[in-house]
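Structural features, examined
These are the residues of each chain, in order.
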Amino acid sequence: MHMKLTIGNIHVKDVVVGSENSFKDGVLTIDKQAAIDYLMGEDDHITELDIVIAHPGDDTRIVPVIETIEPRVRMDDRCLFPGVTGDLVPAGEGELKAFKDCCVTVVGKEWGSFGDGVIDMGGEGAKQTYWSRLINICLVGDTDEEFERHEQQKMNHALRWAGHRFAEWIGKIAKDLPVDDEEVYEFDAITKREAPKNGLPNVVAVLQPQSQMEALGYNDLWYGWDMNKYLPSFVSPTEVFDGAMISGSFMPASSKWSTYEMQNFPILKELFAEDGKEINFIGVIMSNLNVALDQKERSAIMVRNMALNLGADYALVTEEGYGNPDTDYVRCMVILEDAGIPVVGVSDESNGRDGLGQPLVVLNDKLNALVSTGNVGELSDLPACATVIGNLEALNRDGMSGSWGYDEVLGKSARDDGSIIMENNNWFCGNHISGFAAKTIVEW
Amino acid sequence: MAKKVIYYVNQFFGGIGGEDTADFEPEIREGQVGPAMAANAALEDAEVTHTIICGDNFMGSNTQEALDRIEKMLEGKEMDLFIAGPAFQAGRYGVACGNVCKMVGEKFGVPTLTSMNVENPGVDMFKGYTRMMSGHNAAAQMRKDMAAMMAVANKMLRGEELGTPEEEGMFHSGRRIEKFLEYTRENTAAYRGVQMLIKKIKGEPYQTELEIPERDVVPIAEPIADLSKANIAMVTTGGIVPVDNPDRIQSASATRWGRYNVAGLDKLPNREANGYKTIHAGFDPAAADACPDVIMPIDAMRAYEKEGKIGKLHDYFYSTVGTGTTESEAARMAEEIIPYLQEDGVDAIILTST
């Protein structure tokens, strides 16, 4: 009795756009016109699409970045994202193939929003995101979603869904290819486990994905279900890897988990690496981050009780966000510690531009094991890049969370010479709370 | 080539005189004056090229002008390190050392170093902006404080990484900054988190990456004795502003605030009526745009005023955005708002959030 997910990895050395779909000698060729025709045919709201490749080291700045996704194919031909790109079917078991070292990067051609971000492929800004280490297959587009054109909060539905479909469409090229290596994740039914695994300390992961928007359409989805209208559930980590969850459009970019990060959730992979060695990994309690106090408390109570009833001895808690979500993050850790379940937490901090601010909006002395992945307030001041994919003006105009159109001391974020000044908040998934971050916070 | 250090002292340590000369205006002299001489002798491969002297009163009562003048004096001068003090427990001198070090760090990007006693008010004000030694309380201990400070100065000039504040005898800066690590699996947050958990399970020592700091808890205010005579002001972090957002307050991580005159208004006109709206990016703005009083309840306050329940509603409300706004920025904005409230004799404030 177990869920077994096998991901066959195909490493991509380069991606080019051309007039056929193929993969030869590590080079992935994408039939550009066929892709655009397919994606525009799937959604009447898309008015314009282009596909542009950005390589690690390129002197290229990408903005506004809406989403990143890993191109994959399910060997049983079902959709990659149940309830999103196809029918609802169980995720978490079976075989996948994935194109590694690349990602689909969804970019607004003209318009950005609060949750969108920036990727620098080269120069000093490259260290700010994991995406600069991958070949970015940029899907750059515009839509006729006029109702939100000038809104700071955008659902970006047409472009986000196009991104997921595009990842699936590219993934199909992998179907009959030999794989370079394989990742196998076996999640045994927790009542059927045997010694020596059964007997090791039981560890549960508590994930708090973004669900703050009361209006639907902006939050992370679980099997296509808006997580604002959701209660904590017990799930298998393999479901997370296998497309049961997609990212939303809300949350300052650097604290966001993109869909690519969910597909590859590093914290869950590291727990699997220790499963049966140091720990007995008993799965994921998938919670959320709603804004009303009773909703926060209800989720915390349910996480606690589920952890107790699962027999969790220890927990690792992580939040997709900062600010208001810190209250859920801290509450959840405190209620677990009070229940006798010691916790490690992973999150970023909000210390302000000068680094002197309070790191989380609430603090508690019981939090004695925390990992820090970045400060949303640190400023980046970077020269122009030779190439911009998207529209730099979005930084000044569209209310992106880490940039501005006017400041009497700093000026505007996107300067006329193409150089930029902005907060860490704007780096797309820059603090990589999902675990990709090779960054911490130290005292000056 | 020997590195260059510039030194700051007050009128007393600069040999100008005591309290009667505390109005002494800033002056720069070539070479070393007062403690700068001992500092120079303790430097390994560096020299103190100039000493700045400024009276504590002058700095205290004309701070910006003094700092501007000192900035001009330093322009174009070579400087690898800037040292001020030690200030011991002398409050005005400590604040002066802090102010000058902060300015030099910000304007010239040069490392700075000072020393003062834990009781000095300059410690809390400036420990985040300069390297600060934990010094003694009186000048009788000058030799000890100077030796400790110069040991750190030599390390800083050599470009050596400093030890922990405890090892170096410094105050914790309280300033948290990002540190990028080499991109390896072992350095990822995922690996660090899981390994920290395993150490916690095994009872082995581990280092949390965020020590929970002592909290700055504000006590609850005393009740108002007679509400019917009280002047009440309204302040919000809910981002209610005139529709054109004249103060350009940011929608998140705000550093700006505004005050808006509501004298004579019985309620706030809404966005559609070209009145007020919210620019807060942390919640759905529909309800607040339709009726700004749900966040800034001028309507309810005016009704209380007419009923005589409160004496008076202060003519302005004050607004900023709370989402992502740091505690330090919020405290600064509060300090900027408070004088306006004091000027009008406000007795109490209602702070509305979202």
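Residues numbered from 1 in each chain as written. Chains lettered and ligands numbered in written order. Predicted model: local features only at pLDDT ≥ 70, side-chain atom pairs only at ≥ 80, totals over all residues.

1. Here's the deal with the overall build of chain A
To keep things clear, this is the line we draw: Strands here are runs of E lasting at least two residues and helices are runs of H or I lasting at least four, both read from the DSSP assignment and numbered beginning at the N terminus. Exposure is read from a count of other C-beta atoms within 10 Å of each residue's own; the residue is exposed at 12 or fewer, buried at 20 or more and partly exposed in between. C-beta atoms are placed from the backbone. We call two residues in contact when the distance between their C-beta atoms, placed using the backbone, is within 7 Å.
For chain A, the helix and strand inventory stands at 8 helices and 25 strands. Seen through its C-alpha atoms, chain A measures out along the principal axes to roughly 60 × 55 × 40 Å. Buried positions account for 59% of the 444 residues belonging to chain A. Counting only contacts in chain A whose residues sit at least 6 apart along the sequence, the fraction spanning at least 24 positions is 80%.

2. Things to note about the overall build of chain B
Our working definition: Computation of the radius of gyration draws on C-alpha atoms, with the globule rule given as 2.2 Å multiplied by the number of residues to the power 0.38.
Scanning chain B for helices and strands turns up 11 helices and 13 strands. Its C-alpha atoms give chain B a radius of gyration of 26 Å, clearly above 20 Å, the size a compact globule of 354 residues would have. Taken along the three principal axes of its C-alpha coordinates, chain B extends 75 × 65 × 40 Å. Contacts spanning at least 24 positions in sequence make up 71% of the contacts within chain B whose residues lie at least 6 apart.

3. Regarding the interface of chain B and chain A
Quick reminder of the rule: Note on residue classes: Ala, Val, Leu, Ile, Met, Phe, Trp, Tyr, Cys and Pro are nonpolar, Asp, Glu, Lys and Arg are charged, and everything else, Gly too, is polar.
Residue-level contacts link 47 residues of chain B with 67 residues of chain A. Listing elements by their share of the side of chain B that touches chain A, those giving two or more residues are strand E7 (176-180), helix H8 (189-202) and helix H11 (327-343) of chain B. Ranked by the residues each element gives to the side of chain B that touches chain A, the list is headed by H8 of chain B, at 11 residues. Broken down by class, the residue content of the side of chain B that touches chain A amounts to 18 nonpolar, 16 polar and 13 charged.

4. What about the environment of Leu43 of chain B?
For Leu43 of chain B, the location among the structural elements is in the loop between helix H1 (35-42) and strand E3 (46-54). If we skip the residues at most four places from it in the chain, Leu43 of chain B touches Val5, Met150, Ala153 and Asn154 of chain B.

5. Looking at the sheet that holds strand E13 (residues 202-208) of chain A
Stated precisely, the cut-off is as follows: Paired strands are those between which DSSP finds at least two bridges. Axis geometry follows a simple rule: fit a line to the C-alpha atoms, using only the stretch in contact for helices, then measure angles between N-to-C directions, giving values from 0 to 180 degrees.
Spatial ordering of the open sheet is given by E16-E18-E13-E19-E20-E21 (chain A), a layout of 6 strands whose pairing is mixed. Here the strands that pair on one side only, and so sit at the sheet edges, are strand E16 (233-235) and strand E21 (370-375) of chain A. This sheet shows a mean twist of 20 degrees between the axes of neighbouring strands, independent of strand direction. Both E13 of chain A and strand E19 (residues 314-319) of chain A contribute to a ladder of 6 bridges, which runs parallel. Pairing of Val203 of chain A across the sheet is with Tyr314 of chain A, part of E19 of chain A. Helix H6 (residues 293-310) of chain A rests against E13, E16, strand E18 (280-286) and E19 of chain A of the sheet, and its axis sits at about 155 degrees to E18 of chain A. The sheet strands contacting H8 of chain B are E13, E19, strand E20 (343-349) and E21 of chain A, and the helix crosses E20 of chain A at an angle near 150 degrees.

6. Topic: the domain arrangement of chain B
Heads up, the rule is: Domain start and stop points were drawn from an automatic or database domain assignment.
On domain assignment, one finds that chain B holds domain 1 (3-168) and domain 2 (227-352). Centre-to-centre separation of domain 1 of chain B and domain 2 of chain B, based on C-alpha positions: 42 Å.

7. Examining the pairing of E20 of chain A
All names here are of chain A. The element E20 is largely enclosed, with a buried count of 7 among its 7 residues. In terms of strand pairing, E19 meets E20 through 4 bridges, oriented parallel. Within the sheet, the bridge partner assigned to Thr318 lies in E20 and is Val346. The pairing of E20 with E21 spans 4 bridges and is parallel.

8. Re unusual backbone geometry
In this chain, Val63 of chain A is followed by Pro64 of chain A through a cis amide linkage whose omega measures -5 degrees. Examined against the element boundaries, Pro64 of chain A turns out to sit in strand E6 (residues 60-69). In this structure, Pro86 of chain B follows Gly85 of chain B across a cis peptide bond, with omega equal to 5 degrees. Even without a glycine there, the phi angle at Asp101 of chain A is positive, about 70 degrees. Within the fold, Asp101 of chain A resides in the loop between strand E8 (94-100) and strand E9 (102-108). Residue Asp101 of chain A is classed as partly exposed on the basis of its C-beta count, with 18 C-beta atoms lying within 10 Å. Of note in the backbone geometry, Cys429 of chain A takes a positive phi value of approximately 55 degrees without being a glycine. Relative to the elements of secondary structure, Cys429 of chain A occurs in the loop between strand E24 (420-423) and strand E25 (439-443).

9. What about the nonpolar core?
The line we're drawing: Each nonpolar core consists of buried Ala, Val, Leu, Ile, Met, Phe, Trp, Tyr and Cys residues. Their C-beta atoms, within 7 Å, join them into a set.
Ranked by size, the top nonpolar core spans 164 residues in total, and within it Leu139, Val203, Ala315 and Leu316 of chain A carry the most contacts. In terms of residue count, helix H2 (residues 157-171) of chain A provides more of this core than any other element does, 8 residues in total. For Ala315 of chain A, the residues in contact, after removing those within four places along its chain, are Val203, Val204, Val206, Ala307, Leu336, Ile341 and Val343 of chain A. By size, the runner-up hydrophobic cluster in this structure holds 55 residues, among which are Cys54, Leu113, Phe126 and Ala153 of chain B.

10. Thoughts on the sheet that holds strand E2 (residues 14-18) of chain A
All names here are of chain A. Judged by pairing direction, the sheet is mixed, and its 3 strands sit side by side in the order E2-E4-E3 without closing on themselves. Strand pairing shows two members of the sheet lacking a second neighbour, E2 and strand E3 (22-24), which therefore form its edges. With direction set aside, neighbouring strand axes in the sheet form an average angle of 20 degrees. Relative to strand E4 (residues 27-31), E3 is paired through 3 bridges, and the arrangement is antiparallel. By the bridge assignment for E4, Phe23 is matched with Leu28. Helix H1 (residues 32-42) rests against E2 and E4 of the sheet, and its axis sits at about 55 degrees to E4.

11. A short note on the pairing of strand E12 (residues 312-319) of chain B
All names here are of chain B. Here E12 lies mainly inside the structure; 6 of its 8 residues are buried. Strand direction decides the pairing type here: strand E8 (residues 231-236) and E12, joined by 5 bridges, are parallel. From the neighbouring strand, Asn231 faces E12, where its bridge partner is Lys312. Across 4 bridges, strand E10 (residues 258-261) lies against E12 in antiparallel orientation. Looking at E12, one finds that Gly258 is bridged to Ser319.

12. Overview of helix H3 (residues 63-74) of chain B
The periodicity of an α-helix, 3.6 residues per turn, causes residues three or four places apart in sequence to face the same way. All names here are of chain B. Applied cut-off: Here the expected length of a helix is defined as 1.5 Å per residue gap, with one fewer gap than residues. Read the arc as the range of directions from the helix axis to the C-beta atoms.
Between its first and last C-alpha, H3 extends 16 Å over 12 residues, near the 16 Å set by a 1.5 Å rise per residue. Among the residues making up H3, those that are buried are Ala66, Leu67, Ile70 and Leu74. Down the axis, H3 shows its buried residues gathered within 95 degrees of arc, on one side only. Facing away from the buried side of H3, by more than 90 degrees, are the exposed residues Gln64 and Lys72. Looking at the packing, one finds that the buried side of H3 touches strand E1 (3-10), E3, helix H2 (56-61) and helix H4 (91-108). Count one or two residues on from H3 and you reach Gly76, which has phi positive near 80 degrees.

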